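Each chain, written out:
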Amino acid sequence: MKGRLKGVFSALADVFNPTIPAFIVAGLAMGFANLLVQIYPDIDSVKSIGVIYHLLLLINNSFTPFLTCWIGYLATKRFGGTPILGGMLGMMTIISEIDQISSLLNITSILYQGTGGVIAAFIGSFILSKVELFLRKHMLPSLDMVLTPLLAIIITVLPYVLFIMPISGAISSVLCFLMDKVSFTDSIVMNIVVGFICAAIFLPINVAGLQHGIIALYPIQLEKYGFITLYPVFAMAGAGQVGAGLGIWFLSRKANNLKLSNVAFSAAIPGTMGVAGPLIYTVTLPHPKAFIASCLGAGIGGAVIKCFNIVSTGWGPSGILALFMMDGPKGPFNALFIYLLGLIISATAGFILSLIILKPSDLEEHSTKR
């Protein structure tokens with residue numbers, strides 16, 4: 001069971017990780033477009049600004065609306081099938097003929113254009129790949145080029161539309177319902193608790209390699225709402241790491257442990273831009289108390305972010321690089337400021353807590369092990 005679960009997370013990583021550059025580009029483009037609308041409410045009245053605005057939308061719309069197609073392509077490639085066939089299957093999810101089919105079959109309540117989204121594309125591509133590989137194994141070489149892809153699509157499309165899409169749609173609805181309960185609440189206390197817990201546990205989740213299960217939820221929210229609710233909260237984890245790393249830098253420098261102080265400071269610099277790997281594996285994890293301090297610091301920043309209901313228009317970069325992806329109830333400028341404030345609070349809390357929790361002997365142990 002453990003091996004299968006690991007395999008699922010590995011497959012999710014292989015499929016979704018290649019989309020990160022596109023999510024970054026599309027999310028930043030949408031973020032900048034939102035900022036322009038705030039500055040110029042009548043955006044098309046200034047032609048040069050209007051052109052820039054629509055170019056930014058063009059960049060975003062070249063990827064986000066066709067997400068199921070990209071996931072179908074990458075998933076089929078991952079499972080050993082022909083990628084372009086998976087792209088076709090994923091594209092079927094968002095084509096209007098789905099509504100015509102559901103109307104004719106009188107199942108409009110469970111099947112409609114976009115039902116299942118990326119979950120359907122991922123599962124459907126897995127089945128498509130298995131069908132194609134089976135057919136290719138038993139097909140005459142002379143007929144393989146024509147019949148194998150044709151039969152693979154024909155065999156897969158009916159169960160895909162009638163079963164996989166509705167079932168995946170139900171799964172998506174449940175996941176969105178749970179995330180809605182966590183993400184959308186008017187209770188300040190609930191926001192503080194949710195923000196703190198989500199940000200505080202994100203680093204341990206990353207260390208355990210389970211973050212891909214969370215990442216798979218981002219496209220689901222992006223498809224449904226056009227934004228992601230918890231990504232800005234999770235981004236506080238990196239800032240907490242920076243604070244704890246600077247705490248170790250300060251303490252080790254004070255203890256004249258120049259080797260450790262140089263490592264900590266060097267790792268903290270990319271950490272401000274969301275590159276947390278060097279900090280986690282060379283600085284904070286070797287000092288469990290510092291790792292705890294970073295998690296608690298992240299939690300404090302996460303609580304602040306959640307209280308203001310800051311969301312993001314994409315995902316991928318964190319730290320200061322994610323500034324222009326932020327949005328919220330009071331607009332992107334306010335969201336940008338709150339997000340930056342959250343980063344500062346997380347880093348400051350991580351720094352102070354590491355000074356409180358860590359003892360000189362903790363750093364000496366690290367020096368001895370090295």
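Everything discussed here concerns the structure shown above.
The sections below set out a description of the structure shown in this document. (Residues numbered from 1 in each chain as written. Predicted model: local features only at pLDDT ≥ 70, side-chain atom pairs only at ≥ 80, totals over all residues. Heavy atoms only, no water.)

### Remarks on a nonpolar patch on the surface
1) Next: Taken together, Phe265, Ile269, Met273, Ile320, Leu321, Leu340 and Ile344 make up a surface patch of nonpolar side chains, about 590 Å² in accessible area.
2) Next: Of all elements in the fold, only α14 (258–271) and α17 (332–357) reach the threshold of two or more residues within the nonpolar patch.
3) Next: Checked against the element boundaries, Phe265 lands in helix α14.
4) Next: Accessibility expressed as a relative area gives 39% for Phe265, which makes it partly exposed. (Patch = residues over 30% accessible without salt bridge, like charges linked within 9 Å, V, L, I, M, F, W, Y side chains within 5 Å. Areas by Shrake-Rupley, 256 points an atom, 1.4 Å probe, with all protein chains shown as cover. Salt bridge = Lys/Arg side-chain N within 4 Å of Asp/Glu carboxyl O. Helix = DSSP H or I, 4+ residues; strand = E, 2+ residues; numbered from the N terminus. Buried < 20%, exposed > 50% of the residue type's maximum accessible area, 1.4 Å probe, protein only.)

### Points about the pattern of salt bridges
1) Next: Using the criterion set out here, one finds three salt bridges in the structure.
2) Next: A salt bridge links Glu132 to Arg136; the shortest N-O distance between them is 2.7 Å. Of this pair, Glu132 and Arg136 both sit in helix α7 (residues 117–138), separated by four residues, roughly a single helical turn.
3) Next: Owing to a relative accessible area of 1%, Glu132 belongs among the buried residues under this scheme.
4) Next: Note on Arg136: relative accessible area 34%, which makes it partly exposed.
5) Next: Look at the salt bridges and you will find they share partners, linking Glu132, Arg136 and Asp144 into a network.

### Topic: the packing of helix α13 (residues 236–254) against helix α16 (residues 288–307)
1) Next: Between α13 and α16, the shortest axis-to-axis distance is 7 Å and the interhelical angle comes to 135 degrees. Regarding the angle of α13 to α16, the classification is oblique. In the crossing of α13 with α16, the sense of the turn from one axis to the other is right-handed. Residue-level inspection shows Met236, Ala237, Gly240, Gln241, Ala244 and Ile248 of α13 in contact with α16, the latter providing Ala290, Phe291, Ser294, Ala298, Gly301, Gly302 and Ile305.
2) Next: Along the lines of polarity and charge, the residues of the contact of α13 with α16 split into eight nonpolar, five polar and no charged. (Axes fitted to C-alpha atoms, helices over the stretch in contact; angles between N-to-C directions. Parallel < 35°, antiparallel > 145°, perpendicular 65-115°, else oblique. Left-handed = near helix turned anticlockwise from the far one by under 90°. Contact = heavy atoms within 4.5 Å. Nonpolar A, V, L, I, M, F, W, Y, C, P; charged D, E, K, R; others polar.)

### Some points on the nonpolar core
1) Next: Counting 70 residues, the largest nonpolar core has Ile71, Phe122, Tyr160, Tyr218 and Tyr339 as its most contacted members.
2) Next: Ranked by residue count, the leading element in this core is α7, at eight residues.
3) Next: In this structure Phe122 touches Ala11, Leu12, Val15, Ile71, Ala75 and Phe79, once residues within four positions along its chain are discounted. (Core = buried A, V, L, I, M, F, W, Y, C linked by side-chain atoms within 4.5 Å.)

### Some details on unusual backbone geometry
1) Next: Although it is not a glycine, Asn106 adopts a positive phi angle of roughly 60 degrees.
2) Next: In this model, Asn309 sits at a positive phi of 50 degrees, which is unusual for a non-glycine residue.
3) Next: Counting through the fold element by element, Asn309 comes out in the loop between α16 and β1 (311–312).

### Description of the packing of aromatic side chains
1) Next: Following the criterion strictly, the structure yields seven aromatic pairs and no others.
2) Next: Measuring from centroid to centroid gives 5.0 Å for Phe79 and Phe126, while their planes differ by 85 degrees, and the two rings are edge-to-face. Of this pair, Phe79 sits in the loop between α4 (67–78) and α5 (83–92) while Phe126 sits in helix α7; the two residues are 47 residues apart in sequence, bridging distant segments of the chain.
3) Next: Accessibility expressed as a relative area gives 14% for Phe79, which makes it buried. (Phe/Tyr/Trp six-rings, centres within 6.5 Å; stacked < 30°, edge-to-face > 60°.)

### Focus on the side chain of Ser261
1) Next: Within the fold, Ser261 resides in helix α14.
2) Next: Other than its neighbours up to four places away in sequence, Ser261 contacts Trp249, Ser252 and Arg253.

### Comments concerning the layout of surface pockets
1) Next: Volume-wise, the second largest pocket comes out at about 320 Å³.
2) Next: Along its surface, the second largest pocket is lined by 17 residues, and Gly114, Gly116, Ser172, Glu223 and Lys224 are the ones closest to its centre.
3) Next: Contributing elements (two or more residues each) for the lining of the second largest pocket: α8 (141–183) and α11 (217–225).
4) Next: A total of four residues in the lining of the second largest pocket trace back to one element, the largest contributor, which is α8.
5) Next: A breakdown of the residues in the lining of the second largest pocket according to their chemical character gives six nonpolar, nine polar and two charged. (1 Å grid on protein atoms, 1.4 Å probe; cavity = no way out; pocket = protein on both sides within 12 Å on 5 of 7 lines; lining within 4 Å. Points joined across faces, edges and corners; volume = space filled by probe spheres on them.)

### Section: α13
1) Next: Taking 1.5 Å of rise per residue, the 19 residues of α13 would be expected to cover 27 Å, and the 27 Å separating its terminal C-alpha atoms lies within 8% of that figure.
2) Next: Judged by how many residues are buried, α13 sits mostly within the fold: 14 of 19 residues are covered.
3) Next: Phi turns positive one or two residues past the end of α13, at Asn256, with a value near 65 degrees. (Expected span 1.5 Å × (residues − 1).)

### A look at the side chain of Thr313
1) Next: Within the fold, Thr313 resides in the loop between β1 and β2 (326–327).
2) Next: Assessed through its relative accessible area of 6%, Thr313 is described here as buried.
3) Next: When sequence neighbours within four positions are dropped, the list of residues in contact with Thr313 reads Gly27, Met30, Gly31, Asn34, Leu222, Gly226, Met325 and Asp327.

### Details of the environment of Pro18
1) Next: Position of Pro18 relative to the elements: it lies in the loop between α1 (2–16) and α2 (20–39).
2) Next: The exposure class assigned to Pro18 is partly exposed, which follows from its relative accessible area of 44%.
3) Next: When the C-alpha positions of Pro18 and Leu74 are compared, they lie 8.1 Å apart, and in sequence the two are 56 residues distant.
4) Next: Excluding residues that lie within four positions of it along the chain, Pro18 makes contacts with Ala13 and Leu74.

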